[in-house]
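Residue-level structural notes
Here is what each chain is made of, one letter per residue.
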Amino acid sequence: MRSIDDELAYLTRGTEESLPAGELAKKLKKSRAQKSLRVKVGFDPTAPDLHLGHTVLMQKMRHFQDMGHVVIFLVGDFTALIGDPSGRNNARPPLAADEIHKNAATYTEQAFKILCREKTEVRHNSEWLAPLSAADIVRLAARHTVARMLERDDFSKRIKAQKPISIHEFLYPLMQGYDSLALKADVELGGTDQKFNLLVGRELQRQEGLDGQCIMTVPLLEGLDGKLKMSKSNGNYIGVDEAPEEIYGKTMSLSDEMMWRYYELLSDKPAAQITAMHTAAQKDEENPKVFKQTLAHEFTVRFHGAAAAEHAVKHFESQIVRGEIPTDMPTVVVKTDDAGLSPPLFYLLKTAGLATGSSVAKRLITQGAVKVDGKKAAPDDKLQKGNKAVVQVGKRRFVRLVAE
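Every value quoted in this text rests on a predicted model; they were computed, and no experiment measured them.

What counts, and where the lines are drawn
Residues numbered from 1 in each chain as written. Predicted model: local features only at pLDDT ≥ 70, side-chain atom pairs only at ≥ 80, totals over all residues. Heavy atoms only, no water. 1 Å grid on protein atoms, 1.4 Å probe; cavity = no way out; pocket = protein on both sides within 12 Å on 5 of 7 lines; lining within 4 Å. Points joined across faces, edges and corners; volume = space filled by probe spheres on them. Helix = DSSP H or I, 4+ residues; strand = E, 2+ residues; numbered from the N terminus. Nonpolar A, V, L, I, M, F, W, Y, C, P; charged D, E, K, R; others polar. Core = buried A, V, L, I, M, F, W, Y, C linked by side-chain atoms within 4.5 Å. Buried < 20%, exposed > 50% of the residue type's maximum accessible area, 1.4 Å probe, protein only. Contact = heavy atoms within 4.5 Å. Pairing = 2+ DSSP bridges. Salt bridge = Lys/Arg side-chain N within 4 Å of Asp/Glu carboxyl O. Axes fitted to C-alpha atoms, helices over the stretch in contact; angles between N-to-C directions. Parallel < 35°, antiparallel > 145°, perpendicular 65-115°, else oblique. Left-handed = near helix turned anticlockwise from the far one by under 90°.

Let us now look at empty space enclosed by the protein. Going through the model one piece at a time under the given rule, you end up with 1 cavity of 30 Å³ or more. Here the largest cavity is characterised by a volume of approximately 70 Å³. Of all the secondary structure elements, the ones that give two or more residues to the lining of the largest cavity are α3 (52–66) and α12 (256–266). For the lining of the largest cavity, the element with the highest residue contribution is α3, accounting for 4 residues. Of the residues belonging to the lining of the largest cavity, the class tally is 4 nonpolar, 4 polar and 3 charged.

One finds Leu-52, Met-61, Leu-189 and Tyr-262 to be the most contacted residues of the largest nonpolar core, which totals 52 residues. No other element matches α12, which puts 7 residues into this core. Apart from the residues lying within four places of it in its own chain, the contact partners of Leu-189 are Val-39, Lys-40, Val-41, Leu-57, Lys-60, Met-61, Phe-64, Leu-198 and Met-216. The next biggest cluster of nonpolar side chains, apart from the first, holds 21 residues, and it includes Leu-345, Leu-349, Leu-364 and Ala-377.

What follows deals with the side chain of Thr-15. For Thr-15, the location among the structural elements is in the loop between α1 (4–12) and β1 (17–19). Look past the residues within four positions of Thr-15 in its chain and what remains in contact with it is Lys-60, Met-216, Thr-217, Val-218 and Pro-219.

Buried within α12 are the following residues: Met-258, Met-259, Trp-260, Tyr-262, Tyr-263, Leu-265 and Leu-266. In this fold, the buried residues of α12 make contact with α3, α13 (271–282) and α14 (288–304).

Right, let's talk about the sheet that holds strand β11 (residues 397–403) for a bit. Taken together, 5 strands build an open sheet; the order of strands is β7-β11-β10-β8-β9 and the sheet is mixed. The sheet is open, and its two edges are formed by β7 (331–334) and β9 (375–376), each paired on a single side. Bridge count for strand β8 (residues 370–372) against β9 is 2 bridges, and the pairing is antiparallel. Bridge pairing in β9 places Lys-371 opposite Lys-376.

Attention now moves to unusual backbone geometry. Of note, the amide linkage connecting Leu-19 to Pro-20 takes the cis form, showing an omega dihedral of -10°. Residue placement: Pro-20 occurs in the loop between β1 and α2 (23–33). With a phi close to 50°, Lys-184 is a non-glycine residue in the positive phi region. In this structure, Asp-284 takes a positive phi of about 60° despite not being glycine. Relative to the helices and strands, Asp-284 is located in the loop between α13 and α14. Among the residues examined, Asp-284 registers a relative accessible area of 69% and is labelled exposed.

Let's shift gears to the layout of surface pockets. Where empty space is left can be seen by rolling a probe of water-molecule size over the atoms. In this structure, the second largest pocket encloses a volume near 1000 Å³. Surrounding the second largest pocket, 43 residues form its lining, Glu-246, Lys-250, Val-393, Arg-396 and Arg-397 being those nearest its centre. The set of elements that each furnish at least two residues to the lining of the second largest pocket consists of α11 (244–252), α15 (306–321), α17 (358–366) and β11.

All right, on to the side chain of Thr-251 then. In this structure, Thr-251 sits in helix α11. Accessibility expressed as a relative area gives 0% for Thr-251, which makes it buried. Leaving out residues up to four positions away in the same chain, Thr-251 has contacts with Ile-238, Lys-292, Leu-295, Ala-296 and Phe-299.

Moving on, we get to the pattern of salt bridges. Counting across every chain of the model gives 24 salt bridges. With a shortest N-O distance of 2.9 Å, Lys-292 and Asp-256 are connected by a salt bridge. Within this pair, whereas Lys-292 is found in helix α14, its partner Asp-256 is found in helix α12, the two being separated by 36 residues in sequence. You can call Lys-292 buried: its relative accessible area is 7%. A single salt-bridge network, built from bridges that share partners, covers Arg-38, Glu-121, Arg-123 and Glu-127.

Before going further, it helps to spend a moment on the sheet that holds strand β4 (residues 120–124). Reading across the sheet, the 6 strands line up as β1-β6-β5-β2-β3-β4 and stay open at both edges, with mixed pairing between neighbours. The open sheet has two edge strands with one neighbour each: β1 and β4. Neighbour-to-neighbour, the strand axes of this sheet turn through a mean angle of 25°, independent of strand direction. Looking at chain direction, β1 and strand β6 (residues 214–218) are connected through 3 bridges and run antiparallel. Across the sheet, the residue bridging to Ser-18 is Met-216, located in β6. With respect to the sheet, helix α10 (residues 195–207) is in contact with β1, β5 (187–191) and β6, its orientation differing from that of β6 by roughly 170°.

Tracing the backbone through its elements, the reader meets Met-277 in helix α13. Residue Met-277 is classed as buried on the basis of its relative accessible area, which comes to 9%. When near neighbours in sequence (up to four residues on either side) are disregarded, Met-277 contacts Trp-260, Tyr-263, Lys-269 and Phe-291.

So, about the packing of α11 against α14. Put simply, α11 and α14 touch, their axes get as near as 8 Å, and they point 150° apart. Taken together, the axes of α11 and α14 are roughly antiparallel relative to one another. Considering how the two elements wind past one another, α11 and α14 form a crossing that is right-handed. Contacts between α11 and α14 involve Pro-244, Ile-247, Tyr-248, Thr-251 and Met-252 from the first element and Lys-289, Lys-292, Gln-293, Leu-295, Ala-296, His-297, Phe-299, Thr-300, Phe-303 and His-304 from the second. Residue classes in the contact of α11 with α14 are distributed as 8 nonpolar, 5 polar and 2 charged.

What follows is the structure in C-alpha cells.
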C-alpha cells in the first residue's frame, strides 16, 4: 500500500488546485480507517462525442479508482436543460430532452475507454432534480445571494460588457451543488472554469451539517493549435472515437512544446520518466519526434488497442512521411445543379465529414489546410458534373468526391 504522501502526489499530479489546502490529505487518512472516498465528476451531455479535453478529468477519475476510491460518473441530463454558463459570454441554448439522452449514451460508453466499468457508479442527476417542486427550488435559491453569484468571473464580465444574464443561469451552480448534497460526495473534480460551482456544492453540504467536499480542479487542455481550448467548434480537437490513424496523426501534429503539456495531463507514464524524457529533449540527447511517436502510440492504444495502433504507425509513415496518397479513401457522391455545378467546397467538406461545420470548413480552406488534387483551394470552388477530385484536409484526411 502506498503512503499517504505518495497517494496524494499521484492524485494531485497535473492538477491546478486542491481546496481547502490540506483537506484532501485529511480525507485520505480518514478513508484508510473507515471507507473509500466518494469522488464525483459531472458531465453535461451537450455534444455526442468526447475529445481529449474531456479525458483530462477522466484520467484523474481513473487515478482515484486505482487508489480504491468510488468514482461517480454523473450524467447531467437535468442540468444540461439549463446549460452551464461557465466560461461563456452568452447564454447556452437549451437542448431537447431526446438529444440529451442520445448524447449521454455515447458519452458514457466512450468514457469506459478510460474508466474501469466495474468500479464506476453511473448516476443521472434527473433522479433527484426532476422531482423537486417549485417550493423546493425557491428554498434552494434562498441559500445563495445575487452578490455571491456576481462574483463569478464569467458573470461579472458579462455585466461589465452589458450582456444579459438569464435568471435560469443562476440556478445552474445551485443544481450542481445539490448534486453533491444528494450523492454525499467527499471530493468533486472539475475544470478550472468549474471552481465556483464546486465551491457551491461544498457550501450546500456544510449548510446541511455534512463534511464539505474538497474540490480539485484540472487545467483546460489547449487544442492542436496550442492556443484555444480544445473543442469541436474550434476545429482543434482529437476525438476519442476518431479513427486510429486520425488520433495518431493529429498527435504527431502537436508542437514540441505542447507535446509536454499533453504528457503531463494525459499520459500514464510516471512523472519522473516524463521529466527525464523532457530533459533529454532539451539537451538534444534525443529527437523530440521520438517522444511524440511514443505519445501518439499511447493515445491510439488507449482508445483502439495495440493492433490498431501498429496499423496507424504504418499508415503515418507511408502516407504522411513519404507523402503517398491512400488507395482506400472513402468516396462521396455529390449532386450538381441545373448548371452542372456542385455546392461550394466549404459545404462539401462539411457534408463529407471533413469539417464540423461551414465556418470551420471555410477557416481550414482559407488557412491553406485544404488541397484539391494536390492544389490549394478556395471556399467557393465547385466541381463540374462528371468530374472527380481527391480532397485532402491537413496531412491525414482524404476523400474522393464524385460530381453527378
